[in-house]
Amino acid sequence: MENTLYNTVTVQQFKEYFFRDFSFLPLWVENKVYFIGDLVFYNNNFYTSKIENNTALPTDTESWEVTPGDQYDYVTDADIERAMSQALLGINSRFGTDNASRIMIYLHLVAYYLVMDWKNAQAGTSSSYSGFVASKSVGDVSESYNFPQWVANNPVYSMYLSNGYGMKYLSLILPYIACPILFSAGRSTCG
């Protein structure tokens, strides 16, 4: 199977799976209906719809207004493609019971790399690894994560503990990387 299955995964599949998780660049879509205040990105500009039931090209000044904005405040298709190429290097086709579960696991690995890339881009040359969240609380809300010590101490697996998507990826692959050890009674044929 190698990476053939994962090479078929599209940016659109990623966007559909994580539709609530990321602020994707709002690309204008032909034949989609827009409403007053909807923001789109088209030909390197942002536009805001001035009318209801808007299907006009964003260059139509009666229907759209040019709006200031920075495309790099959003997750772009190029960001996702870069994370996909990184995830291809680390994905294991033995993780998952069928193609649907393999793709779902791969998408979480892509999300992990996407978040890592964003964090690195924001920090620039000051980026560093600060470990993982063991426990955190703000007001009445708290979060904590508890992975087996052998995961936290493993130099490969511990890197996935740096963001929620990596932790989710780990939780999905743990059944495939845990090795049960079985003991059985026996005797020696020697002496």
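See the structure printed just above.
What counts and how
Residues numbered from 1 in each chain as written. Predicted model: local features only at pLDDT ≥ 70, side-chain atom pairs only at ≥ 80, totals over all residues. Heavy atoms only, no water. Helix = DSSP H or I, 4+ residues; strand = E, 2+ residues; numbered from the N terminus. Buried < 20%, exposed > 50% of the residue type's maximum accessible area, 1.4 Å probe, protein only. Contact = heavy atoms within 4.5 Å. Areas by Shrake-Rupley, 256 points an atom, 1.4 Å probe, with all protein chains shown as cover. Expected span 1.5 Å × (residues − 1). Bend = angle between axes of the 7 residues up to and from the residue. Salt bridge = Lys/Arg side-chain N within 4 Å of Asp/Glu carboxyl O. Phe/Tyr/Trp six-rings, centres within 6.5 Å; stacked < 30°, edge-to-face > 60°. Core = buried A, V, L, I, M, F, W, Y, C linked by side-chain atoms within 4.5 Å. Polar contact = N/O pair within 3.5 Å; in protein donor to acceptor, adjacent residues only side chain to side chain. Pairing = 2+ DSSP bridges. Axes fitted to C-alpha atoms, helices over the stretch in contact; angles between N-to-C directions.

A. Local environment of the overall build of the chain. Of the regular secondary structure elements, the chain holds six helices and five strands. In sequence order, the secondary structure elements of the chain are arranged as α-α-β-β-β-α-α-β-β-α-α. With 191 residues in all, the chain has 36% of them scored as buried. In the chain, the share of contacts with a sequence separation of at least 24, taken over all contacts with a separation of at least 6, comes to 53%. Accessible surface for the chain amounts to roughly 12300 Å². Of this, 52% is attributable to carbon and sulfur atoms.

B. Representation of helix α6 (residues 164–177) in the model. For α6, with 14 residues, the first-to-last C-alpha span of 19 Å sits near the 20 Å given by 1.5 Å per residue. The largest bend along α6 measures about 30° and falls at S171, with the proline P175 one to four residues further on. Restricting attention to buried positions, one finds in α6 the residues Y165, G166, M167, Y169, L170, L172, I173, L174 and I177. If you follow the buried residues of α6, they end up packed against α3 (77–90), α4 (99–123) and α5 (149–152).

C. Spatial organisation of the pattern of salt bridges. Under the defined criterion, the tally for this structure stands at two salt bridges. In this structure, D77 engages K15 in a salt bridge whose closest nitrogen and oxygen atoms are separated by 2.7 Å. On the criterion of sequence distance, the pair formed by D77 in helix α3 and K15 in helix α2 (residues 11–17) is long-range, its members being 62 residues apart. In this structure, R82 and D117 form a salt bridge, with 3.3 Å as the shortest nitrogen-oxygen distance. With R82 in helix α3 and D117 in helix α4, this residue pair connects regions lying 35 residues apart in the sequence. On the basis of relative accessible area, R82 is assigned to the partly exposed category, the value being 41%. Overall, D117 belongs to the buried group, its relative accessible area being 12%.

D. Looking closely at the packing of aromatic side chains. Inspection of every chain in the model, using the stated rule, returns 18 aromatic pairs. Seen in terms of ring centroids, Y6 and Y106 are 5.1 Å apart; in terms of plane orientation they differ by 40°. Their pairing is tilted. One end of the pair, Y6, is in helix α1 (residues 4–7); the other, Y106, is in helix α4, and 100 residues separate them in sequence. For Y106, a relative accessible area of 1% corresponds to the buried category. Chaining the aromatic ring pairs together yields one cluster made of F14, Y17, F18, F22, F24 and Y165.

E. Spotlight on the nonpolar core. Judged by nonpolar contacts, the single largest core of 40 residues is most densely connected at F14, F22, I80, M84, Y106, L109 and Y169. Of all the secondary-structure elements, those providing two or more residues to this core are α1, α2, α3, α4, α5 and α6. When residues in this core are grouped by element, the largest group, eleven residues, is from α4. The residues contacting F22, other than those within four sequence positions of it, are F14, V75, A111, L114, V115 and Y165. In this structure, W28, Y42, Y47 and W64 belong to the second largest nonpolar core, which totals seven residues.

F. The side chain of S158, seen in detail. Topologically, S158 is positioned in the loop between α5 and α6. Side-chain polar atoms of S158 contact the backbone oxygen of N154, separated by 2.8 Å.

G. Layout of the pairing of strand β1 (residues 39–42). Examined bridge by bridge, β1 and strand β2 (residues 45–49) share four bridges and lie antiparallel to one another. Considered in β2, the bridge of F41 is made with F46. In this antiparallel pair of consecutive strands, β1 and β2, the connection spans two residues, and N43 shows a positive phi of 50°.

H. Spatial organisation of the sheet that holds strand β3 (residues 64–67). The strand order across the open sheet built from three strands is β1-β2-β3, with neighbouring strands paired in antiparallel fashion. One side of each edge strand has no neighbouring strand; the edge strands of this open sheet are β1 and β3. Geometrically, the sheet is characterised by an average inter-axis angle of 40° between neighbouring strands, direction not taken into account.

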